[in-house]
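Spelled out from the first residue to the last, the chains are:
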Amino acid sequence: MKDSLNVSSTAQDNQSEIESEIRSERLANLQHQIEHAAHLLPSQGPITAFVHHNTLHAFEQRSFEEGVRKGGELWSCHAYLAEERYREEFEKDRIRLSDLEAVLREELDEEVNQPLIASVMRFELRLAMLRHRIYAGQPAELNWLIAETNALREFRPDVNNATRSHLIESTRHWIMRDRQEIFSISNRANLISENLGRFSQRSMEQWSDKQWESFLLNALWNICYTGAKNVEKQLAIVPLPELHLPRHRNLLLEATGEDTDLLVHDLLIKFSSAFLDQGFADWHLPYRHRGIFKSFLNLYSKSFTPPVEWYKKIRQETSRILEARLSPLESIEESLQLLGVTEEEREEFLTQTILALRGWFGMVWQMETEAEWMPHPAPHGSLVELLAIRLILDRLAVENVAREKLHFHGPLSEVRANALKRISRLDPDQAIQKAFAVFQLAQVCGWKPEELYHFNESQWLILLREIDSFNSFERRRLFHQAYERRYRQNTLDALINHSRRKSTLKQSNSKESSAKPSFQILCCIDDREESFRRHLEEVEPACETFGLAGFYGVAMYYRGSTDAHYKPLCPNTIKPRHYIDETPLYSLQQRDRRRAETRRRIGLLSHQTHRGSRSLLGGLLTGLMGSLAAFPLVTRILFPRTTAQFRKLYGQIVETRYTELRLERTPQSEEADQHLHGYTIEEMANIVESGMRAIGLVKSNLYSDLVIICGHGSGSVNNPHESAYNCGACSGSRGGPNARAFAKMANDNRVRQILKNRDFLIPDETCFVGSYHNTCNDSIDWFDLDAIPVSHREKFEHARDQINEARKRNAHERCRRFELVDLDCSFDDALKHVETRAEDLSQVRPEYNHATNALCFVGRRNWSRDLFVDRRAFLASYDPTTDDEEGHTLERILQAVIPVCAGISLEYYFSTVDVEGYGCGSKLPHNITSLLGVMSGAASDLRPGLSAQMVEIHEPMRILFVIETQTSIMSRIIDENPAIKLLVSGEWVQLAVFDSETGRMQH
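Rules behind the numbers
- Residues numbered from 1 in each chain as written.
- Predicted model: local features only at pLDDT ≥ 70, side-chain atom pairs only at ≥ 80, totals over all residues.
- Heavy atoms only, no water.
- Helix = DSSP H or I, 4+ residues; strand = E, 2+ residues; numbered from the N terminus.
- Salt bridge = Lys/Arg side-chain N within 4 Å of Asp/Glu carboxyl O.
- Buried < 20%, exposed > 50% of the residue type's maximum accessible area, 1.4 Å probe, protein only.
- Expected span 1.5 Å × (residues − 1).
- Pairing = 2+ DSSP bridges.
- Phe/Tyr/Trp six-rings, centres within 6.5 Å; stacked < 30°, edge-to-face > 60°.
- Lys NZ or Arg CZ within 6 Å of the ring centre and 35° of its normal.
- 1 Å grid on protein atoms, 1.4 Å probe; cavity = no way out; pocket = protein on both sides within 12 Å on 5 of 7 lines; lining within 4 Å.
- Points joined across faces, edges and corners; volume = space filled by probe spheres on them.
- Nonpolar A, V, L, I, M, F, W, Y, C, P; charged D, E, K, R; others polar.
- Axes fitted to C-alpha atoms, helices over the stretch in contact; angles between N-to-C directions.
- Parallel < 35°, antiparallel > 145°, perpendicular 65-115°, else oblique.
- Left-handed = near helix turned anticlockwise from the far one by under 90°.
- Contact = heavy atoms within 4.5 Å.

Caption draft 1: View of unusual backbone geometry. Residues other than glycine seldom take positive phi values, yet Asp784 does so here, at roughly 50°. Even without being glycine, Asn849 reaches a positive phi, approximately 55°. Relative to the elements of secondary structure, Asn849 occurs in the loop between α32 (827-839) and β13 (855-859).

In structure tokens, the structure reads:
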């Protein structure tokens, strides 16, 4: 007996073990499906460190055309500008007919000269659909148009006189010649005889051109409609596609008009913002330390939830899950089974569920995986936990709508089938729509009614399918290619001609000066620095300007003297290893402690006042004293520049003014924790050498006595997206600390000695100075001026004077974009305006940032210097004569330049073509939430992307890289760098290789 019990127990144990393994495998597969879906989420992190990136980064494995098509289908967004917008550009000559013909010939390739049917050429048909507006509409609208307008009396306005005369004359000959034959054909008699019946046949020989025109159009319409009607059922696109709506919400919305997401999102948005809060909320979320799933269950299982049926059901369900001790993955598994989601549907169902609130889910994923430096990152597994919560709420909402609107009380797994029966699917009369398209094309293409009259059903089918295949999406795609082509051709032509002119001038000037530059300035490659550099070169022709990615190779986590936390200052593709602090000068540390205590007390007082204003007594006092609080608000709107000057004076009292960077790693800092606080001297030497080699300063005789390193950023008020205006190479932060650090490293004698031992000599008389350019108000801040030798101060003052003049001119060039400024304003007035604009509390356009970016030049400055590119070009310095045969210096440059510039370009592209879908809409209704992002109104999905005010003047195009190198070198770099290869080979960017010596350009 005991033996049989032991055998039975062993069998049960084995069975349990097998079931446990199967369950573990199912949950692991579920985890994989969720993580796979997460790659489709927006990768925009916290708004305080806004990093421009490819909005469709998840589709970079595909080509650009495939990626925008798939992304548009997935998110219901536009891939290109509206067709009407392209037609407006065509009418303004921004797109030319030659561009349309060129891209269409390239598209059709060998088929370009092949006829489609009879005398109808595919090339001519598609070109006509691009050149002319082919109006479309609903059947009722088209019926009214035909009956009540002159559509059957007069040709379209865009039909030229030659085509009009040719069609009238050919139709006259046809009818007069074959009238008896036409009426003898019984099966086609109605086509023409009914049309003739409306006209007087007795005097047909005396008809005027106007009468023949009306007759022709009536006959043409009858022929087109009859031809389309006869083949309507044979067209593959006529039947509506099968509804493919795996989410219950989509089917219920179709069947009842009720959106279950409204219930779910209202609660989920509030809870997510509270859980992810970075210090914005007055109250902390209870049970936050337990993770998002347990926090939700514990909070909503309490009996003090609102006395509403919806919350009552949530309380019951959360209490049940807590008692059952389900893990997040187990809860997801349970929800999928209850909802009747099959194994085949799961991945798509999970993807659509996550993307239904993609802003918040994307932020949770970023806070979990990429934002470890934030004050409160999300714990590992938060995305899965949020999805588990979402599916619980989805179940309850679906059950509620199905019961109330469909009167369905069965299991949730049958809701979709029940809802599908309620969906009405009426096929519209599409024959009139197709006929009207042919009717218009026949006029603009000059197709004779006689030819269409003799088309058989097979020919009509070919023609209509061709018209349908060249739909709005395809037309916009070709329009966009022509749009890019026009700018690309103009730019490359201008560059070649400019390079030849510069070469001619160089040859004619045989006594070229070999004097040192008066000073050299190294700026970020940013397109806003292009105009600054150009004006500086005009003001001081003896200076030299260079461009390098604005973190200058100093990848670090940085904490300023008044900052609470570290921020990454490098491209988001790099994970910094070093931590750098800004501290007050040693001699002023005691005074700084008093200032820090003052700042702490002021901050504490303002915080307590803010919280107190929300109490009963505090609210009463706020109401009584509110008029006084409005005074500074009014002054910042009416007198922004003056108010800013007072605020600056106040800041000098409480803020630290004299600081230094702790760059060098010491034994004490190494023992402090696991982080690398500071750099070794060897690491500093590597950074300096790498930066100087990149821009071509490899010999001592190439250096000026004064080298200025200029970081950049942007400062403005009332601008949630301020970080997006900062340096993209510094993860959306200001690049001043990087410039300051690089200059300090380059001035260090120990660094120079190491470089000297490597045969990389920086002259002893060369002095580096760090600076910061605010691209919003065009101000310049200088760092560590006390370190400038007395012998160099006159040279520095000269450079500072030239830079001050250049920034005035730069402000003047920028002001032509602003409607509040007269075009004839002076340089000084322009500078005052941009300074005022940056401090204006009511200004929604402090600056236009990267709007209009379209180019990136990588090469020597001498072939692009003096070329006006209208603030549209990123400028990266590179001298191929100082590089090795395989181009490793160029490779290091492009590893930063191509991803950063492509990310900026593509984010501007997508936010422009669909500012509501890919962008974040108008910034006017935006509200900051959780110090992480913006919502529209009081509660909405997080809005990643750029606002309408940032892109309203942008021309959406893929960025064009013009690189001075050889094709063999560029090919190697592409092949050996996967990130670059995806962007170039997938045509997410455009690329041209330039030989400045011969002027040869290869695209």
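This is not the end of the story, as more comes after the structure.
Caption draft 2: Just the pattern of salt bridges, in detail. Overall, the coordinates contain 72 salt bridges when judged by the stated rule. In this structure, the salt-bridge partner of Asp394 is Arg247, at a minimum N-O distance of 4.0 Å. With Asp394 in helix α17 (residues 382-405) and Arg247 in the loop between α9 (209-230) and α10 (248-256), this pair connects stretches of sequence that are 147 residues apart. Take Asp394 and Arg247: they sit in the same class, and that class is buried. Several salt bridges share partner residues, and in doing so they unite Arg247, Arg249, Asp259, Asp261, Arg390 and Asp394 into one network.

Caption draft 3: How the structure looks around helix α16 (residues 358-369). With 12 residues, α16 should cover 16 Å at 1.5 Å per step; its first-to-last C-alpha distance of 16 Å lies within 8% of that length. Taking burial as the measure, the 12 residues of α16 include 10 buried ones, the bulk of the element. Within α16 the residues assigned to the buried category are Gly359, Trp360, Phe361, Gly362, Met363, Val364, Trp365, Gln366, Met367 and Glu368.

Caption draft 4: Representation of the pairing of strand β11 (residues 767-774) in the model. Taken across its 8 residues, β11 has 8 buried, putting it largely inside the fold. In β11, alternate side chains face the same way, and those of Cys767, Val769, Ser771 and His773 on one face and Phe768, Gly770, Tyr772 and Asn774 on the other are all buried. Note that strand β10 (residues 706-713) and β11 share 8 bridges and pair parallel. From the neighbouring strand, Val707 faces β11, where its bridge partner is Phe768. Strand direction decides the pairing type here: β11 and strand β12 (residues 779-782), joined by 4 bridges, are antiparallel. When the bridges of β12 are listed, Tyr772 appears paired with Asp781. Once β11 ends, the chain turns through 4 residues before running back antiparallel as β12, passing Asp778 with a positive phi of about 55°.

Caption draft 5: Highlighting the packing of aromatic side chains. Within the structure shown, the criterion is met by 29 aromatic pairs. Arranged with centres 4.9 Å apart and planes meeting at 85°, the rings of Trp782 and Phe796 form a pair that is edge-to-face. Of this pair, Trp782 sits in strand β12 while Phe796 sits in helix α31 (residues 793-815), and the two are 14 residues apart along the sequence. Each ring, one from Tyr909 and one from Phe910, has its centre 4.9 Å from the other, and the planes form 85°; the classification is edge-to-face. Side by side, Tyr909 and Phe910 carry an identical accessibility label, which is buried. Residue placement shows Arg94 over the ring face of Tyr483; its charged tip is 4.1 Å from the ring centre. Seen from the ring of Phe818, Arg837 lies directly overhead, with NZ or CZ sitting 3.7 Å from the centre.

Caption draft 6: The arrangement of empty space enclosed by the protein in detail. By the definition in use, this model includes 5 cavities of 30 Å³ or more. Roughly 160 Å³ of internal volume is contained in the largest cavity. Considering the residues around the largest cavity, the lining is formed by 15 residues, among which Arg817, Tyr848, Ala851, Arg871 and Ile953 are closest to the centre. When contributions to the lining of the largest cavity are tallied by element, the ones reaching two or more residues are α23 (527-539) and α31. Its residues placed into classes, the lining of the largest cavity shows 4 nonpolar, 2 polar and 9 charged. Estimated volume of the second largest cavity: approximately 110 Å³.

Caption draft 7: Representation of the packing of helix α11 (residues 260-275) against helix α12 (residues 292-300). Contact geometry for α11 and α12: axes closest at 11 Å, N-to-C directions at 120°. Of the possible angle classes, the one that applies to α11 and α12 is oblique. Once α11 is placed against α12, the crossing between them reads as right-handed. For the pair formed by α11 and α12, the contact residues are Leu267, Phe271 and Phe275 on the first element and Ile292, Ser295, Phe296, Leu299 and Tyr300 on the second. A per-class count over the contact of α11 with α12 returns 7 nonpolar, 1 polar and no charged.

These figures capture arrangement, not role.
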